[in-house]
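What follows is each chain in one-letter form.
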Amino acid sequence: DGSIGCLIFHAGAYNCIRATAPGSFSGQQCCYTIDDNLCTSGRCAGTADYYSPDINALGHIIFDVTPFFLCCFLHSQCDVYLSRRPSNKGPRFPNLLPPPLCSWVQGDAHLITLDGHNYTFNGIGNYYLIKHHRFEMGGQLTKIGCGSMLTAIAIRIIANNSNGEKDVVIEVQSGDGTSGLQVYYNGDLMLLPVQTHLQFADYSIDYNYNSTVIAALNRTVLCNLWLTEMVLNSSQQTIQYLQYSFVAENATYFGELRGLLGNSDGNPFNDFVLPNGTILDYNLTLKQLHYSFGLLWLIPNSSNLFIASNYSLHDIYNWTPSFDINFGCNANGSNISNIANAMCQNQFQCLFDAASVDDVTFANHTYQSVQFSEIALKESRNDYYNVTTTPTPTHTASAANIQSCFFCIVNLFVIACFFPAFF
């Protein structure tokens, strides 16, 4: 919902989100304050809809909007409406699906799998982050110091060949240092103004210069990218790289994904699955992960997922990155171990990056990013169990209000036609 509609119909709410119950005509509205807190009482609260406006707009106006208007605006009896259209935190509905799957890539290629396992892979070249029969997503890793950083992401939405459709490939690169993120559509650079929303049949792109969101397959997958630019203290070199998070709907992809970001089955101890289905041990060293797992997910050039490979196969297979916290891995490296130890507070990712890149600025950004991702992942799971769910609502229009219904319906229908965002 638009924030204007929330301000008018749900006093105290800043933003509202609607969902349709699977296999049903009913829906649910969740409303949040400006501080992203869920509203659960009064006019601020989101409510269950007897008819989802996405399925039956007129039914929604008659059986949901009209009673809400009558109870909450004309008669100040929102408690009556909420008793029939409850706003619920979820405990009454125990058979919830697991929370959405979420993964991250940050810093000197530190990954959090869809099942929450943390590990480091700093190969160079193009790798499958996720593979599925409906889409595939790759990441391009570029050498920095004794490690690598993410500099491009590509997603292929695989077409339904029976309908004569063609695959769509969207690639986002970290840019040339002057133009922000660069978005390519089927190999062609898109010249996008800041704050651009592009809506296609089965996917959308939201571009905002240094951040981009790609949603696909009825928004069951969501890719978030942030551009990071900094000047390294050690070399005064300006670098640009990507921070990446990926969210997938658990109900659709549970246990069906493969790649560097795991198999999405809820078990972090079996995430290292090879392309042939072999599951590797959970406690592999970084060196074992590099040669026995990571390199096997290298994307062949014939896939055309990326516009080009950034390294030859010879360079990729002969690259030996740092496999531990080694402050001497850079030949001309400075001694920053004392500064890094004080700054990183025993965080592995921060210490690893300080050593591999030989730069505390890069390491500090990794430290902040890891802290943020840990909080975000925790809150996303907590918020999932604190959201309004979708019970089957009951009708609220009473005999005393029927005399006003026709007038309300006509007026609200006119409003809905000209201001659909309010509803």
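In case you missed it, the structure is sitting above this.
Figured I'd write up the structure that's included with this text. Being a predicted model, the structure only gives us computed values, none of them experimental.

A closer look at the sheet that holds strand β16 (residues 221–231)
One open sheet accounts for 8 strands, arranged β6-β5-β4-β17-β16-β15-β14-β13; its pairing is antiparallel. Two strands in the sheet have a free side with no partner beyond their single neighbour: β6 (118–120) and β13 (196–199). If you compare each strand with its neighbour and ignore which way they point, the axes differ by 15° on average. In terms of strand pairing, strand β4 (residues 101–106) meets strand β17 (residues 238–248) through 5 bridges, oriented antiparallel.

A look at the packing of aromatic side chains
According to the stated counting rule, one finds 17 aromatic pairs in the structure shown. Geometrically, the ring pair formed by tyrosine 50 and tyrosine 51 is edge-to-face, given 5.1 Å between the ring centres and 70° between the ring planes. In this structure, tyrosine 50 and tyrosine 51 share a single accessibility class: buried. Seen from the ring of tyrosine 128, lysine 131 lies directly overhead, with NZ or CZ sitting 4.3 Å from the centre.

Description of the sheet that holds strand β8 (residues 135–144)
Sheet strands associate in pairs through backbone hydrogen bonding, adopting either a parallel or an antiparallel arrangement. In space, the 6 strands of this open sheet follow the order β7-β8-β9-β10-β11-β12, with antiparallel pairing throughout. Only two strands of the sheet have a single neighbouring strand rather than two, namely β7 (125–131) and β12 (188–190). Averaged over neighbouring strand pairs, the angle between their axes works out to 30° when direction is ignored. In the sheet, strand β9 (residues 147–157) pairs with strand β10 (residues 168–173) via 6 bridges, with the strands oriented antiparallel. Looking at β10, one finds that alanine 154 is bridged to glutamate 171.

Quick look at empty space enclosed by the protein
The tally for this structure, following the rule as stated, stands at 3 cavities of 30 Å³ or more. Volume-wise, the second largest cavity comes out at about 50 Å³. Surrounding the second largest cavity, Val105, Ala109, Leu111, Phe121, Tyr127, Leu129, Gly139, Leu141, Leu150 and Leu260 form its lining. At the level of elements, β7 and β8 are the ones that each hand at least two residues to the lining of the second largest cavity. Residue composition of the lining of the second largest cavity, grouped by class: 9 nonpolar, 1 polar and no charged.

Here is what the cut-offs are and how they apply
Residues numbered from 1 in each chain as written. Predicted model: local features only at pLDDT ≥ 70, side-chain atom pairs only at ≥ 80, totals over all residues. Heavy atoms only, no water. Pairing = 2+ DSSP bridges. Helix = DSSP H or I, 4+ residues; strand = E, 2+ residues; numbered from the N terminus. Axes fitted to C-alpha atoms, helices over the stretch in contact; angles between N-to-C directions. Phe/Tyr/Trp six-rings, centres within 6.5 Å; stacked < 30°, edge-to-face > 60°. Buried < 20%, exposed > 50% of the residue type's maximum accessible area, 1.4 Å probe, protein only. Lys NZ or Arg CZ within 6 Å of the ring centre and 35° of its normal. 1 Å grid on protein atoms, 1.4 Å probe; cavity = no way out; pocket = protein on both sides within 12 Å on 5 of 7 lines; lining within 4 Å. Points joined across faces, edges and corners; volume = space filled by probe spheres on them. Nonpolar A, V, L, I, M, F, W, Y, C, P; charged D, E, K, R; others polar.

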